[in-house]
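Coordinates in review
Take a look at the letters that make up each chain.
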Amino acid sequence: MSKGHAWVLGATGQIGRAAVRSLVTDGWEVTAASRGGGRDEGWGEEVRTVALDRDGDGALAAALGPGCDVLVDMVAYGRQHARQLTGLADRIGSAVVVSSGAVYEDERGHSFDTQAEPDGSPRYPVPIPESQATVAPGEDTYATRKIRPEHDLLAAGGTLPVTLLRAGAVHGPHCRSPRELYFVKRALDGRTRRVLAYGGRSRFHPVHAANVAELIRLAALKPGSRVLNAADPHAPTVAEIGEAVDAVVGRSTETVLMPGAPSDQGVGSTPWSAPHPIVYDMTAAERELGYRPVTGYAESLPETVAWITAQLAGRDWQDAYPAMARSYGTGLFDYAAEDAWLEEHARTA
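All values reported here derive from a predicted model rather than from experimental measurement.

Things to note about the packing of aromatic side chains
The full count for this structure, using the stated rule, is nine aromatic pairs. A centroid spacing of 6.1 Å and a plane angle of 35° characterise the contact between Y104 and Y280, whose relative ring orientation is tilted. With Y104 in the loop between strand 5 (92-100) and helix 4 (142-155) and Y280 in the loop between strand 11 (254-257) and helix 8 (283-289), this residue pair connects regions lying 176 residues apart in the sequence. Accessibility classification places Y104 together with Y280 in one group, the buried group. Residues F112 and Y124 carry aromatic rings whose centres are separated by 6.5 Å and whose planes lie at 35° to one another, so their mutual orientation is tilted. One end of the pair, F112, is in the loop between strand 5 and helix 4; the other, Y124, is in the loop between strand 5 and helix 4, and twelve residues separate them in sequence. Judged by its relative accessible area of 24%, F112 falls in the partly exposed class. Of the aromatic side chains, those joined through ring pairs into one cluster are Y182, F183, W272, W317, F333 and Y335. Just above the ring of F333 sits the side chain of K185; from NZ or CZ to the centre is 5.3 Å. Directly above the aromatic system of Y335 lies the positively charged group of R191, at a separation of 4.3 Å from the ring centroid.

Details of the pairing of strand 4 (residues 68-73)
With five of six residues buried, strand 4 is to be regarded as a mostly interior element. As judged from the four bridges shared by strand 1 (residues 5-9) and strand 4, these two strands associate in the parallel manner. Across the sheet, A6 pairs through a bridge with V70, a residue of strand 4. As defined by bridge partners, strand 4 adjoins strand 5 across five bridges and the pair is classed as parallel. Within strand 5, the position partnered with C68 by the bridge is I92. Viewed along the sheet, the connection from strand 4 through helix 3 (residues 79-86) into strand 5 turns out right-handed.

Section: unusual backbone geometry
Apart from glycine, the bulk of residues carry a negative phi angle, and the bulk of peptide bonds sit in the trans form. In this model, V126 is joined to P127 through a cis peptide bond whose omega is -5°. Relative to the elements of secondary structure, P127 occurs in the loop between strand 5 and helix 4.

Observations concerning the sheet that holds strand 4
Here we have seven strands laid out as an open sheet, ordered 3-2-1-4-5-6-10, and parallel in their pairing. In this open sheet, the two edge strands, each paired with only one partner strand, are strand 3 (48-51) and strand 10 (226-230). When strand polarity is set aside, the average angle formed by the axes of neighbouring strands in this sheet is 20°. Where strand 6 (residues 162-167) and strand 10 come together, five bridges link them in parallel fashion. Pairing of A167 across the sheet is with A230, part of strand 10. Along the sheet face, helix 1 (residues 14-25) touches strand 1, strand 2 (29-34), strand 4 and strand 5 and points at about 165° away from the line of strand 2. Docked against the sheet, helix 4 engages strand 5, strand 6 and strand 10, running at close to 160° with respect to strand 6.

The rules behind these values
Every chain is numbered independently, its residues counted from 1 as its sequence is written. This being a predicted model, a pLDDT of at least 70 is required before a residue's local features are given, and a value of 80 or more before pairs of side-chain atoms are given or counted; all residues contribute to the totals for chains, interfaces and linings. Note: side-chain values were computed over all heavy atoms of the structure, leaving out hydrogens and water. Note on aromatic pairs: the rings of Phe, Tyr and Trp (six-membered ring only in Trp) are paired at centre separations within 6.5 Å, and the planes decide the class, stacked below 30 degrees, edge-to-face beyond 60, tilted for the rest. Numbered from the N terminus, helices here are DSSP runs of H or I no shorter than four residues, and strands are runs of E no shorter than two. Accessibility here uses a 1.4 Å probe with only protein chains present; expressed as a share of the type maximum, an area under 20% marks a residue as buried, one over 50% as exposed, and anything in between as partly exposed. Only when the NZ of Lys or the CZ of Arg is both within 6 Å of the ring centre and within 35 degrees of the ring normal is a charge said to sit over the ring. DSSP calls a pair of strands paired once it identifies at least 2 bridges connecting them. Here is how to tell: hold the view so the strands point away, follow the path from the first strand over the helix to the second, and if it runs clockwise the crossover is right-handed. Geometry is summarised by axes, namely lines fitted to C-alpha atoms with helices restricted to the contacting stretch, and by angles between N-to-C directions that run from 0 to 180 degrees. What makes two residues a contact is simply this: any of their non-hydrogen atoms within 4.5 Å.

The following block contains the structure:
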C-alpha cells in the first residue's frame with residue numbers, strides 16, 4: 001500500500017536523486033520535478049517526472065494540481081520560495097526543506113560570511129546544536145538567503161508543518177563541486193606531497209547525499225515543524241580525508257603540515273580548511289526521527305572517487321566542474337606555488 005504522494009523539487013540534483021530513490025523504496029508514489037524534467041538512471045518507471053521552472057508565475061501551483069502528501073524542496077532560496085510554499089499550504093500535507101549549516105553564527109556574530117574579515121573565522125561549539133544562533137535573514141549572501149525561508153516557513157507552522165534540514169558538506173556522486181576533487185586530482189596528477197594548513201586538523205562535517213535522503217524519508221513519515229542538522233556519523237579531519245582518498249586510489253602521499261593559516265598564495269588551503277572545527281550535533285535527529293545514518297564517509301568514498309575520476313576522463317577539471325572553478329579559482333591546483341613553498345620549507349626546516 002502506498003504511503004502517499006511525494007513531490008520532489010530539484011529532483012535531479014545530488015540530494016534529489018537519492019531522495020527520490022529512498023522515497024520510492026519506502027513505498028511512496030513520487031513525482032520528480034526539475035527544470036529539465038530529467039530522469040536518473042537509478043529510478044524505476046513508476047517515478048513520474050515533470051519539467052518545471054518553479055520561478056515561473058504560477059508554474060508550481062499548476063503542476064502540483066490537487067496537491068501532495070509531502071513536498072520535498074531541495075532548492076528553497078530566499079523569501080519568494082517560502083511564500084510559494086506557504087501559498088500552497090492547503091494543497092501540501094507537510095514539507096521537508098533542505099537548508100544549510102552555513103546559517104549558523106558564533107557568539108561574536110561571526111559566520112561563514114565573515115571569514116574573510118580579520119579574526120572573522122567563527123568559533124562554534126563542538127558539536128553545533130540546532131539552538132545555536134543564526135545569521136539574520138537578508139538577500140546579500142548565501143547564508144542570509146537560506147535562513148530567510150527557514151524563518152518564514154517556521155512562522156507558518158500552524159498551516160504547513162515543515163522539517164528544515166541544515167546540511168553539512170554534502171558529498172557523493174553527482175556533486176557539482178566535490179571537495180574530494182582536491183585530493184583525487186592530485187593523485188591523478190602524480191603529486192607525491194601535499195601541504196595542509198592548520199596542522200591538517202580542520203574539520204568541516206560532511207554528509208553523504210544518502211544520509212540526507214534518509215532524514216527526508218523519516219521526516220516525511222513524521223510531519224512536524226522542526227529544525228534538524230544533517231551530517232554523517234563522523235567528522236574526519238582534512239588529513240584523515242587525504243589519507244582515505246589515498247587508500248581508495250592506491251597511492252601514498254607525504255603530508256606536510258603547515259601549523260597556521262594558508263600562505264598568501266593559497267598553499268595549504270583546501271575546501272575543508274578552517275582554523276576552528278565545524279561539527280554538527282545529530283542527537284536531535286536521532287531523538288525526534290529515530291535517525292540512523294545509512295553510510296559513513298570512508299565506506300562511501302570509493303563510489304565518490306570513481307564518479308569524480310569518470311568526470312575528469314579526457315577533460316580539464318574546470319570544464320568538468322565549472323561551479324567549483326568559480327568558487328575556488330585556479331589556485332586550488334597551483335602546483336608551482338606549492339612546490340616553491342615546499343622548497344622554502346625544506347631550506348628553513
